[in-house]
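Geometric and topological summary
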Amino acid sequence: MLKEIFSFRDRYRILHLTWFAFFLSFVVWFNYAPFQTAIKEAIGLTEGQVRTIAICNVALTVPARIIIGMVLDKYGPRITYSLLLMYAALPCLAFAMAQNFGQLVISRLALSIVGAGFVIGIRMVAEWFSPKEIGVAEGIYGGWGNFGSAAAAFTLPSIAIATGVFAAGQINWRLAIALTGIVAAVYGVIYFFSVQDTPSGKVYQRPNRHGGIEVTSQKSFWLLILTNIPLVGILGVLAWRIGQIGLINQTQLVIVYLLLLGLYLFQAYKCWDVNRDVVTGKKRYSTEERYEFSQVAILELTYFVNFGSELAVVSMLPGFFETTFGLNKVLAGMIAASYAFMNLFARPGGGLVSDSLGSRKWTMTVLTGGMGIGYLFFSGINNNWWLPLAILLTMACSFFVQAGEGSTFAIVPLVKRRVTGQIAGNVGAYGNVGAVAYLTLYSLLPASDVGNRIFFQTLGVTALIVAFLCGFFLKEPKGSFAEHHEGETPQETPEQLSVRVCSEDFIPQSYKD
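In this text the structure is predicted, and so the values were computed from the model without any measurement.

Right, let's get into the confidence of the model for the chain. A residue-level look at the chain finds 90% of positions with pLDDT of 70 or above and a mean pLDDT of 83. Model confidence for the chain, summarised as mean pLDDT per element, is weakest for helix H22 (residues 509-512) at 42 and strongest for helix H5 (residues 77-87) at 95. The low-confidence segment residues 491-513, where pLDDT is below 50, has 12 contacts with residues more than four positions distant or belonging to other chains.

Between helix H1 (residues 10-29) and helix H10 (residues 173-192), the least distance of the axes is 9 Å, while the angle of their chain directions is 160°. As the angle between them shows, H1 and H10 are arranged roughly antiparallel. Viewed along their axes, H1 and H10 form a crossing whose handedness is left-handed. Residue-level inspection shows Leu17, Thr18, Phe20, Ala21, Leu24, Val27 and Val28 of H1 in contact with H10, the latter providing Thr180, Gly181, Val183, Ala184, Tyr187 and Tyr191.

With that settled, the discussion passes to a nonpolar patch on the surface. Residues Leu93, Met97, Ile159, Leu175, Leu179, Ile182, Val186 and Ile190 make up a contiguous nonpolar surface patch of roughly 640 Å² in combined accessible area. Looking at which element gives the most residues to the nonpolar patch, the answer is H10, with five residues. Relative to the assigned elements, Leu179 resides in helix H10.

Scanning the model with the defined rule gives five salt bridges in all. Here Asp73 and Arg123 are joined by a salt bridge, their closest N and O atoms 2.6 Å apart. You can see Asp73 sitting in helix H4 (residues 61-75) and its partner Arg123 sitting in helix H8 (residues 118-128), a full 50 residues away along the chain. Looking at Asp73, the relative accessible area reads 0%, which means it is buried. Between Glu127 and Arg123 there is a salt bridge whose closest N-O contact spans 2.8 Å.

This part takes up the side chain of Thr180. Of note, Thr180 is situated in helix H10. The buried category is assigned to Thr180, whose relative accessible area is 7%. Looking at Thr180, its side chain comes within polar contact range of the main-chain oxygen of Ile177, at 2.6 Å. Not counting the four nearest positions on each side in its chain, Thr180 is found in contact with Val27, Val28, Asn31, Cys92 and Leu156.

Before going further, it helps to examine the packing of aromatic side chains. A complete count under the given rule lists 38 aromatic pairs for this structure. Where Tyr303 meets Phe307, the ring centres are 4.9 Å apart and the plane angle is 15°; that geometry is what we call stacked. Of this pair, Tyr303 and Phe307 both sit in helix H14 (residues 293-325), four residues apart, roughly one helical turn. Exposure class is identical for Tyr303 and Phe307. Each is buried. Taken together, a centroid distance of 5.9 Å and an interplanar angle of 75° make the contact between Phe320 and Phe456 edge-to-face. Within this pair, whereas Phe320 is found in helix H14, its partner Phe456 is found in helix H20 (residues 449-473), the two being separated by 136 residues in sequence. With respect to class, Phe320 is no different from Phe456; both count as buried.

Turning to helix H11 (residues 218-227), its buried residues are Ser220, Phe221, Leu224, Ile225 and Thr227. Buried residues along H11 sit in contact with helix H12 (229-244), helix H13 (250-279), H14 and helix H19 (420-444).

The rules behind the values
Residues numbered from 1 in each chain as written. Predicted model: local features only at pLDDT ≥ 70, side-chain atom pairs only at ≥ 80, totals over all residues. Heavy atoms only, no water. pLDDT = per-residue confidence, 0-100. Helix = DSSP H or I, 4+ residues; strand = E, 2+ residues; numbered from the N terminus. Contact = heavy atoms within 4.5 Å. Axes fitted to C-alpha atoms, helices over the stretch in contact; angles between N-to-C directions. Parallel < 35°, antiparallel > 145°, perpendicular 65-115°, else oblique. Left-handed = near helix turned anticlockwise from the far one by under 90°. Patch = residues over 30% accessible without salt bridge, like charges linked within 9 Å, V, L, I, M, F, W, Y side chains within 5 Å. Areas by Shrake-Rupley, 256 points an atom, 1.4 Å probe, with all protein chains shown as cover. Salt bridge = Lys/Arg side-chain N within 4 Å of Asp/Glu carboxyl O. Buried < 20%, exposed > 50% of the residue type's maximum accessible area, 1.4 Å probe, protein only. Polar contact = N/O pair within 3.5 Å; in protein donor to acceptor, adjacent residues only side chain to side chain. Phe/Tyr/Trp six-rings, centres within 6.5 Å; stacked < 30°, edge-to-face > 60°.

Right, here's the structure in full:
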């Protein structure tokens, strides 16, 4: 596979077109981080407001990934991805034209939906690549697409300076952010006319029912209901944080809590509606059709600590290097980009290791443990450090983080094929739950070396806990290294078809009997 990866034919063409769609969605999603201090000065924001916008940047991605996972399984990745990229232009333009904190928050919440694009490509790539090579394929999709956050940190400040130099003494961040949305929308049109959901002759498998994840046992249903709580609860944390800085009053906060409770009950009902026959015992799945939702729950936790921590770190790292080492905005953004730069190699590398070692479980366990140790080392960085050493540690830590992400989504498409979009949506949403949780903690910590140390120590400890869970409870997926996905019939080659037709049509029945 690696020999053909740079070709632009057949499934590799689909892979390249899809990772670039994800790349642009990440450029859009992280076009705020490089301009945090510039926007703070331009709008007159407090440090708490700056950090709140960073939380808003990942907030609605949580429900969006679940909803888009359902839409994806029903309508296919081609339509879903194209519409999401075209939508991206609207909140980008709104954010670029915002004049106060309230407008920044609202437009950023709307823009956070774009981050849900990741789950779309997971299903698209799974349709075109077999289980034995899914790790590398998904790793390239995720890693090269994730590099969009590094591209945003590395290039947008320079674009802002080059296109307008200064407007009233500030870099032209508005034009740079607006351009990212316009480019994404244009590519959405190109993507629609350039891809197809599956290879020719292959049927796109859809869930039997829509509205909630289809599970195959009563135990899995109750675990699904339980794991849905953080997906809604984290939005309550976000609402509380916004209330803390005075954007909404106490009465409005109570209304938000009631709406979120209603959302959870509605979500629980939809899950019940889809799975009522299983819960009431009227339907029993055969052994071949069953899957354990506990495995999805563990993958949710792995993505909570790896992708959740990446989103949180990428959101604060430019400011961290700027203030810790006294750097200018452009240089700090470029150095911070080294964290996301590792996506180009680490995430495909994690998928490759998962494909090659013969155990996706232990690959996941070791990478998650390495990530935890890396963050604990990272917590010691301060202004007394030699800057190149800090950069090297940043890149080393990010390798384990992003390789772990690649390992997670080397497993996700193998859990249950027809609900891959919904499973990917839930697992992906937990990444954003982690991001909101970590960023909320960061917003409450003092803006000092002490706050940074506690933040990175928290990332490290939670990762080590999840590594322990992977080692003891994660199971190797069935068909991890098979030639074909679950439920697929191998396609015959022309030679095989010729032999079969000849044997059926020209051999006398008496000989067949």
